[in-house]
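Spelled out from the first residue to the last, the chains are:
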Amino acid sequence: MSTEQKNCACPKSGFKTMCGGQALIEGIMMRGPKKQAIVVRQPDGQLAIRESELKLIKDKYPLLGLPLVRGVVTFVASMVEGVKALMYSAEFFPEEEEEPEEPSKFELWLEKTLGSEKAASVIVMVAVVLGICMSIGLFFLLPTLLGSAVTLVTDSMLVRNVAESVLKIVIFVGYLAMCSHMKDIRRVFQYHGAEHKTIFCYEAGLPLTVENVRKQPRHHPRCGTSFLFMVIAISILVSTVVFAIWPVHHVVWRFLAHLAMLPVIVGISYEFNRWAGRHDGFVTRILVAPGLWLQNFTTFEPDDSMIEVGIKALELVLPENKGEDAW
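Report on the accompanying structure.

**Details of the pairing of strand E4 (residues 47–53)**
Examined bridge by bridge, strand E3 (residues 35–41) and E4 share seven bridges and lie antiparallel to one another. Looking at the pairing, Val 40 lines up with Ala 48 of E4. Linkage of E3 to E4, two consecutive antiparallel strands, is achieved through a turn of five residues, within which Gly 45 is found at a positive phi near 95 degrees.

Structure (structure tokens):
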């Protein structure tokens, strides 16, 4: 683990904020305890800003805010808001075309039938569903299918569990490594680094200036990358225990069992991520180390203009009193 990673989980002030964000296309979305802000660096260098009040579903339905349950709810809600924010940031960077592309018949029908706002909501939901399905297919279905090949050699459930576990990790790490080498995605990951560094600067009690933010580490224990790794790691532990007690050999039933366990796995992963973000210590550092290492693929050093975006986004969502956003 690098020196930067060793220091990343413990700002000197010990303050832990619940503020967090997401990198966008040339921008950052930041969420505070009561507000959300999207800041995008436009092609002309100016900042486009969109602010909104947070409306959490758990405020309307308290049961959805209970431990374990809130993890699944927060994950889905974050994906929805994330897709909306990405679509907003993409509007400032249209693809270069000789002639404007005409809307498809389906898009025209959808807008005519539902109206522009509802049509946009449908598109967002479709994108979220497709994103979830792709993740499930890539990190759960594919390892299950490939892992079934060991049955040609042995009937051992232990060997099959180990094979699937190794495949999950290899596919996940390989996917992140591939994304990190894509030019456009790399810039998004630089904004990801700016987001982390800005939050660390705030947690350290330092003024939010480019100079102060630049000095901060870019690996954060509450990062989405760490969360996704924890989902993979906990899925390995849970499935190993479950299949040891209840052996499932048929590949279809085995995949459906993985699917049935997924909400519990996401809930546990979310609670662990919250706990890791609030605590420092030897045990915590060992547990978060793999997720921090994986952030070498998903966070890169930002330039000063990216840091400025991160600072502006965070300033817009901070409460008047610093303690109001503490864990």
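**Quick word on unusual backbone geometry**
A positive phi angle, close to 55 degrees, is found at Glu 26, a residue other than glycine. Looking at the element boundaries, Glu 26 is found in the loop between strand E1 (20–24) and strand E2 (27–31). Taking relative accessible area as the criterion, Glu 26 reaches 17% and is therefore assigned buried.

**Quick look at the nonpolar core**
Among the nonpolar cores identified, the biggest contains 29 residues, and Phe 139, Phe 140, Phe 172, Phe 243 and Leu 294 are the most heavily contacted of them. It is helix H10 (residues 251–278) that provides the largest number of residues to this core, a total of nine residues. Beyond its immediate sequence surroundings of up to four residues, Phe 140 is in contact with Ser 135, Lys 168, Val 231, Ser 235, Phe 255, His 258 and Leu 262. Counting residues in hydrophobic clusters, the runner-up holds 25 residues, among them Tyr 191, Tyr 202, Met 306 and Ala 313.

**Notes on helix H11 (residues 282–298)**
Between the first and last C-alpha of H11 there are 24 Å, a value that for 17 residues agrees with the 24 Å anticipated at 1.5 Å per step. Taking the largest bend as the criterion, H11 deviates by roughly 45 degrees, centred on Ala 289, and proline Pro 290 comes between one and four positions later.

Conventions used here
Residues numbered from 1 in each chain as written. Predicted model: local features only at pLDDT ≥ 70, side-chain atom pairs only at ≥ 80, totals over all residues. Heavy atoms only, no water. Pairing = 2+ DSSP bridges. Helix = DSSP H or I, 4+ residues; strand = E, 2+ residues; numbered from the N terminus. Buried < 20%, exposed > 50% of the residue type's maximum accessible area, 1.4 Å probe, protein only. Core = buried A, V, L, I, M, F, W, Y, C linked by side-chain atoms within 4.5 Å. Contact = heavy atoms within 4.5 Å. Expected span 1.5 Å × (residues − 1). Bend = angle between axes of the 7 residues up to and from the residue.

Remember, this is a structural readout, not a statement about activity or role.
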